[in-house]
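Architecture and fold: a report
Okay, here's what each chain looks like letter by letter:
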Amino acid sequence: MPVVRGKMIETLFSPDVIATRNTEMAAEIVKGRNDDLLVISVLKGSFIFAADLIRAMHHAGLAPEVEFITLSSYGTGTVSRGVKIIKDIDSDPRDRDVLLIDDILESGRTLRFARDLMLERGAKSVSIAVLLDKKVKREVDFEADFVGFECPDYFVVGYGMDVAYAFRELPFVGVVTGDADKV
Ligand code: IMP
Ligand code: MG
């Protein structure tokens, strides 16, 4: 089992499995609404997935424009939880087919906020691609159009996803199982 920063990391989705699924997802995305497509990567967690998926989309024949938005959840209580824009896109989504790419769909708040924002700004359509779907954690009525994998209810790291900024560089998705010096 890989040890990184003194932690043992168990692999959940290997690089090969992810690459194969990205190719399949790109083939599904080609069949969707993608005239003059604007891809928006929801930072930070999606940066590696988005980088791989847009290249798979190129191989599938798509030529999107690519943008980035940084979103953050605020509030820890159940009442006041919301999403705020840390860094907005620069371009105008009006009359565009938009594809939002994110790492994990969990409560659904982040992506529902992003989809509603783009629709309010006049996007023609908004579809959603996520690498992982943690269905058991959903708190609002929201589903993605393209899902890489159903994710068990673990806190996962790697392939862009972090714990306190660490583990983003891992080429696989994994779970921290414990300290390496305690086995
Ligand atoms: P939600 O759907 O609004 O709850 O937000 C999901 C976001 O929380 C994802 O885009 C991730 O950035 C983050 N997140 C949720 N679960 C995990 C995890 O297991 N590992 C790392 N980040 C996570
Ligand atoms: Mg995220």
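Here the structure is shown first, and the text comes after it.
Every chain begins its residue count from 1, and numbering advances along the sequence as written. Each chain takes a letter, starting from A, and each ligand takes a number, starting from 1, following the order in which they are written. In view of the model being predicted, local features appear only for residues whose pLDDT reaches at least 70, and side-chain atom pairs are presented and counted only at 80 or more, with totals across whole chains, interfaces and linings using the full set of residues. Note that water and hydrogens are dropped before the side-chain values are worked out from all heavy atoms of the structure.

Topic: the nonpolar core
Applied cut-off: Buried Ala, Val, Leu, Ile, Met, Phe, Trp, Tyr and Cys residues that are joined via side-chain atoms within 4.5 Å together make up what is termed a nonpolar core. Accessible area is worked out with a 1.4 Å probe on protein chains only. A residue is then buried under 20% of its type maximum, exposed over 50%, and partly exposed in between. Note on conventions: DSSP H or I runs of at least 4 residues are helices, E runs of at least 2 residues are strands, and numbering of each starts at the N terminus. Throughout, a contact is declared for two residues whenever any of their heavy atoms are within 4.5 Å.
Counting 27 residues, the largest nonpolar core has M57, L99, L131, L132 and V173 as its most contacted members. Elements that contribute at least two residues to this core include exactly α1 (15-30), α2 (47-59), β6 (97-105), β7 (125-133), β8 (146-150) and β10 (173-179). Looking at which element gives the most residues to this core, the answer is α2, with 5 residues. Once residues within four sequence positions are removed from consideration, V173 is found in contact with E10, T11, L12, F13, I18, L131, L132, V156, V157, Y159 and M161. Core analysis: the second largest hydrophobic core is formed by 22 residues, V98, L111, M118 and F142 among them.

Here's the deal with the pairing of β7
The side chains of a regular strand alternate between the sheet's two faces. The criterion, for reference: Pairing between two strands is assigned when DSSP locates at least 2 bridges connecting them. Every crossover in which the path from the first strand over the helix to the second runs clockwise, viewed with the strands pointing away from the viewer, is termed right-handed.
Counted residue by residue, β7 has 9 buried out of 9 residues, so it is predominantly covered. Note that β6 and β7 share 8 bridges and pair parallel. Residue pairing for β7: I104 is matched across the bridge by L132. The β-α-β motif built from β6, the intervening helix α3 (residues 109-120) and the parallel element β7 has right-handed crossover chirality.

Some details on the sheet that holds strand β3 (residues 38-43)
In plain terms, the rule: To get an axis, a line is fitted to the C-alpha atoms, and for a helix only the part in contact is used. The angle between two axes follows their N-to-C directions and goes from 0 to 180 degrees.
Pairing is mixed across the open sheet formed by 6 strands, whose spatial order is β5-β4-β3-β6-β7-β8. Lying at the two open borders of the sheet, with one neighbouring strand each, are β5 (82-87) and β8. Direction aside, neighbouring strands of the sheet carry axes that sit 30 degrees apart on average. Where α1 meets the sheet, it contacts β6, β7 and β8, and its direction lies at approximately 155 degrees from that of β8. α3 contacts β3, β4 (65-74), β5, β6 and β7 of the sheet and is inclined by roughly 170 degrees relative to β6.

A short note on the site of ligand 1
This is how it is decided: One heavy atom suffices: a residue is near a molecule or strand as soon as one of its heavy atoms comes within 4 Å of it. Pairs of N or O atoms within 3.5 Å make up the polar contacts considered here, provided that, within protein, one atom can donate a hydrogen while the other can accept it, and that residues adjacent in sequence are counted only when both atoms are side-chain atoms. Note on areas: Shrake-Rupley, 1.4 Å probe, and residue coverage restricted to the protein chains presented here. Following the grouping adopted for this structure description, the nonpolar residues are Ala, Val, Leu, Ile, Met, Phe, Trp, Tyr, Cys and Pro, the charged ones are Asp, Glu, Lys and Arg, and the polar ones are all others, Gly among them.
Neighbouring ligand 1 are 13 residues, the closest being D103, E106, S107, T110 and V156. One nitrogen or oxygen atom from the side chain of S107 is found 2.7 Å from an oxygen atom belonging to ligand 1. In this structure, G108 approaches ligand 1 through a main-chain N or O atom, which is 2.9 Å from an oxygen atom. With the chains in place, 83% of the 500 Å² that ligand 1 exposes on its own is no longer accessible. Of the residues forming the shell around ligand 1, the biggest block, 3 residues, is contributed by β6. Of the residues that constitute the shell around ligand 1, the class distribution is 4 nonpolar, 3 polar and 6 charged.

Here's the deal with unusual backbone geometry
The peptide bond linking L43 to K44 adopts the cis configuration, its omega dihedral lying at 10 degrees. Its place among the elements puts K44 in the loop between β3 and α2. If you check the backbone angles, D95 has positive phi at about 65 degrees while not being a glycine. Structurally, the position occupied by D95 is in the loop between β5 and β6. Positive phi, normally seen in glycine, also occurs at Y165, with a value near 75 degrees. For Y165, the position within the fold is in the loop between β9 (156-157) and β10. Look at Y165 and you get exposed, because its relative accessible area is 64%.

Coordinates in, geometry out; function isn't part of it.
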